[in-house]
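Here are the chains, one letter per residue:
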Amino acid sequence: MALLECRKLNKKIGTYRLKDIDFTLEAGMVLGLIGVNGCGKTTLLRSVMGSYRLDPDPEDGGELFLNGKHFAKEEKAYRSAIAYVLENYPFSLNMNAREIGDRYGYYYPGFDLKKNKALLEKYEVPEKMVASRLSKGQKIRSQLAFALSYPAKLYILDEPAGNLDVEFRDAFYQEIRTLVADEECAVIISSHLVTELEQIADELLWIGRAGDEGTVRYFGSVDDMRDRYRLLSIDSKEEASIPDKLITGKRIRETHSEYLLQGTKEDFGQMLPVGLQGSLRYPSLQEIMYYTEKGGER
Amino acid sequence: MKGYWKDYFRQERTIFRNAPYMWGIRIMFVVVLLCSGRFQWCVMLTSGIFSVGFYFSSEAEYLLPLTEKEWKTRRLTRVCMIWLRYLLLGILSYVLWVGLGYDESLLNTFRVSPLMCVAFFVLQMLMVFGTLLEQVIDSERRRKPSLVMVLPFAAMFYYWIHFIPSVEDNSFFAATWQVDILIITAAGLIEIVRCVRMFKRWKKEDYDPAAEKVKALQQV
């Protein structure tokens, strides 16, 4: 059984709707959550964590299971297994880090106040300074110290790395690798730093935005996703030789044009002229997202 | 229920340990309330708007591993404890002001019509409870006030202004004191019904940072 199962999650916020989001997450895996701004990544994470309910609107619905616990029927057990580090600081800005550990740690089984204090010291967060006076990076660090102070099964990280300095970012990713190394828990990390996400994530969940709806554009391993795409850099005059159905997006530059092609290995082998096949390369995740979401100049 | 009181006092100890200045603010508030005399209803209602929402407006509150019943009871416990404090301080304030002779007109009013004073105080405490309860229920806090909700406030305000009975028939605002009591009772009943309806409608809602008025206070 997967550690986290999300079945047909539907959530409406304002006029925007997440529709039929389905994915699973095994223990020991890191799931990267990607998508353009406003596609519903934070909405999805909040629904998984429990900030958003799945019943206020008639169109809302879905089921979530964490470690076999149902999100509504076994609410307490479900939530106590989740730890989070969020871009929007979730604690009161009038409390200091020590008070947060003291006040909220009580509700999480196995919360270790001494460990919390030690982590705050390790991450150089002044524990007696009110949160409103902490920098964005310090707020992320204090949340991380809280999250690592109790034995959660699922760690949800919403845009955590953007405000961290380069040195701590490296240590942060190392913490994530350590978390999943024992295969007891899993991590969902949402980030716009797609290049870094590519290094750490085992699987990807790509939420695509179409009008007022967000749906799953892709769910699977990072390698499988890269395998679907190729980037071709050629002279614009040679565009005619590329089958239209392969082209997902293009970008025209001064000296050449770049084309993102989508298909299987067989498609590339059979449909492209032999002369062009040697010019194919695997695109980065960033390039895939750019061409697919923007469409290039298509 | 015992666990909730234990948790409440644990939270208070946490505040005292980590943010002792909050207790300083509370002591100042106690002094203000004790000195407020007949203005206490203004002080209570104004502070009631901010005193509970302050604790419950962060996203972490919505993420706590509690069942919905436990989550509601936690909030209700705090409301009851704050209301009890206001009740004790309110009585003490009147005793001080009247007992020490700082407010002779209030003392005269109490001698002429003690029932009216008690009725006014009961209405005041019902209003305070309603305000506190409203602040911990997300849907009520975000709801626009209706005319019916304003009526008890209007009644309380008018009686506070006219809190000196007429010499002829001991009435305050209406034709006779009996009608005054009826008006205050009606206002009290409206407030009780409002509180009961709020409680019955109470459901845990989505966390909505945009709707949290006290978020602005958090920036201070």
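Reading guide: rules and limits
- Residues numbered from 1 in each chain as written.
- Chains lettered and ligands numbered in written order.
- Predicted model: local features only at pLDDT ≥ 70, side-chain atom pairs only at ≥ 80, totals over all residues.
- Heavy atoms only, no water.
- Helix = DSSP H or I, 4+ residues; strand = E, 2+ residues; numbered from the N terminus.
- Buried < 20%, exposed > 50% of the residue type's maximum accessible area, 1.4 Å probe, protein only.
- Areas by Shrake-Rupley, 256 points an atom, 1.4 Å probe, with all protein chains shown as cover.
- Lys, Arg positive; Asp, Glu negative; His and termini not counted.
- Charge placed at Lys NZ, Arg CZ, Asp CG, Glu CD.
- Patch = residues over 30% accessible without salt bridge, like charges linked within 9 Å, V, L, I, M, F, W, Y side chains within 5 Å.
- Salt bridge = Lys/Arg side-chain N within 4 Å of Asp/Glu carboxyl O.
- Axes fitted to C-alpha atoms, helices over the stretch in contact; angles between N-to-C directions.
- Parallel < 35°, antiparallel > 145°, perpendicular 65-115°, else oblique.
- Left-handed = near helix turned anticlockwise from the far one by under 90°.
- Contact = heavy atoms within 4.5 Å.
- Nonpolar A, V, L, I, M, F, W, Y, C, P; charged D, E, K, R; others polar.
- Pairing = 2+ DSSP bridges.
- Phe/Tyr/Trp six-rings, centres within 6.5 Å; stacked < 30°, edge-to-face > 60°.
- Lys NZ or Arg CZ within 6 Å of the ring centre and 35° of its normal.
- Expected span 1.5 Å × (residues − 1).
- Domains from an automatic or database assignment.
- Buried area = accessible area lost by both parts, 1.4 Å probe.
- Polar contact = N/O pair within 3.5 Å; in protein donor to acceptor, adjacent residues only side chain to side chain.

Helices and strands together make up the secondary structure of chain A, namely 11 helices and 14 strands. The principal-axis extent of the C-alpha atoms belonging to chain A is close to 65 × 45 × 35 Å. Relative to its 298 residues, chain A shows a buried fraction of 55%. Element-wise, carbon and sulfur atoms account for 47% of the exposed surface of chain A, whose accessible area totals about 13,200 Å². Each charge sign in chain A was given a centre, from 41 positive and 47 negative side chains, and these centres are 4 Å apart.

Attention now moves to a nonpolar patch on the surface. Residues Leu92, Leu96, Leu100 and Tyr102 of chain B make up a contiguous nonpolar surface patch of about 410 Å² in total accessible area. Within the secondary structure, Leu92 of chain B sits in helix α6 (residues 68-99).

Below, the discussion takes up the packing of helix α3 (residues 40-51) of chain B against α6 of chain B. All names here are of chain B. Interaxial distance between α3 and α6 falls to 11 Å at its minimum, and their mutual angle equals 165°. Considering the angle they form, α3 stands roughly antiparallel to α6. When the axes of α3 and α6 are compared, the crossing they make is right-handed. Counted together, Gln40, Met44, Ser47, Gly48 and Ser51 of α3 and Ile82, Tyr86, Gly90, Ser93 and Tyr94 of α6 form the full contact between these two elements. Residues of the contact of α3 with α6, tallied by class, amount to four nonpolar, six polar and no charged.

Residues and elements named next belong to chain A. Extensive coverage of strand β11 (residues 229-234) is indicated by the burial of five of its six residues. Relative to strand β13 (residues 257-262), β11 runs antiparallel, the two sharing six bridges. Note that in β13 the partner of Arg230 across the bridge is Leu261. With two bridges connecting them, β11 and strand β14 (residues 280-281) associate as antiparallel partners.

We now examine the packing of aromatic side chains. According to the stated counting rule, one finds 22 aromatic pairs over all chains in the structure shown. On the numbers, 5.2 Å between centres and 85° between planes, the contact of Tyr123 of chain A with Phe168 of chain A is edge-to-face. Here Tyr123 of chain A, found in the loop between α4 (113-122) and α5 (136-147), pairs with Phe168 of chain A, found in helix α6 (residues 166-181); they are 45 residues apart in sequence, far enough to count as distant. Here Tyr123 of chain A falls in the buried class, since its relative accessible area comes to 3%. For the ring pair Phe16 of chain B and Trp23 of chain B, a centre distance of 5.7 Å and an interplane angle of 90° mean the geometry is edge-to-face. For Trp23 of chain B, a relative accessible area of 29% corresponds to the partly exposed category. Directly above the aromatic system of Tyr89 of chain A lies the positively charged group of Lys139 of chain A, at a separation of 5.9 Å from the ring centroid. Above the ring of Phe168 of chain A, the side-chain terminus of Arg141 of chain A is found at 4.1 Å from the ring centroid.

The end-to-end C-alpha distance of helix α8 (residues 114-136) of chain B is 34 Å, a good match for the 33 Å that 23 residues give at a rise of 1.5 Å each. Among the 23 residues in α8 of chain B, 17 count as buried, and that is most of the element.

Turning our attention to the domain arrangement of chain A. Residue and element names in this part refer to chain A. Taken as a whole, chain A is organised into domain 1 (4-224) and domain 2 (225-294). A straight line from the C-alpha centre of domain 1 to that of domain 2 covers 35 Å. Taking both partners together, domain 1 and domain 2 bury about 1,300 Å²; carbon and sulfur atoms supply 58% of that area. When the area that domain 1 buries against domain 2 is broken down by residue, the three leading residues are Val194, Glu198 and Trp206, summing to 39%. With its nearest N and O atoms 2.9 Å apart, the salt bridge here joins Arg226 to Glu198. Taken together, domain 1 and domain 2 are joined by 12 residue pairs in polar contact (both at pLDDT 80 or more). Elements with a minimum of two residues in the side of domain 1 that touches domain 2: α7 (194-200), β9 (203-210), β10 (213-221) and α8 (222-228).

For the rest of this paragraph, the subject is the sheet that holds strand β4 (residues 61-66) of chain A. Residues and elements named next belong to chain A. Pairing is mixed across the open sheet formed by 10 strands, whose spatial order is β5-β4-β1-β2-β10-β9-β3-β8-β7-β6. Two strands bound the open sheet, and with one partner strand each, they are β5 (69-70) and β6 (82-85). Bridge analysis of β4 against β5 gives two bridges, and the strand direction is antiparallel. The partner of Phe65 across the bridge, within β5, is His70. Strands β3 (30-34), β7 (154-158) and β8 (186-190) of the sheet are contacted by α6, whose axis makes an angle of about 150° with β8.

In this complex, chain A contributes 33 residues to the contact, which on the side of chain B involves 33 residues. Summing both sides of the interface, chain A and chain B together bury roughly 3,100 Å²; the carbon and sulfur share of this comes to 45%. The interface formed by chain A and chain B includes five salt bridges. The closest approach of N and O atoms between Arg53 of chain A and Glu68 of chain B, which form a salt bridge, is 3.4 Å.

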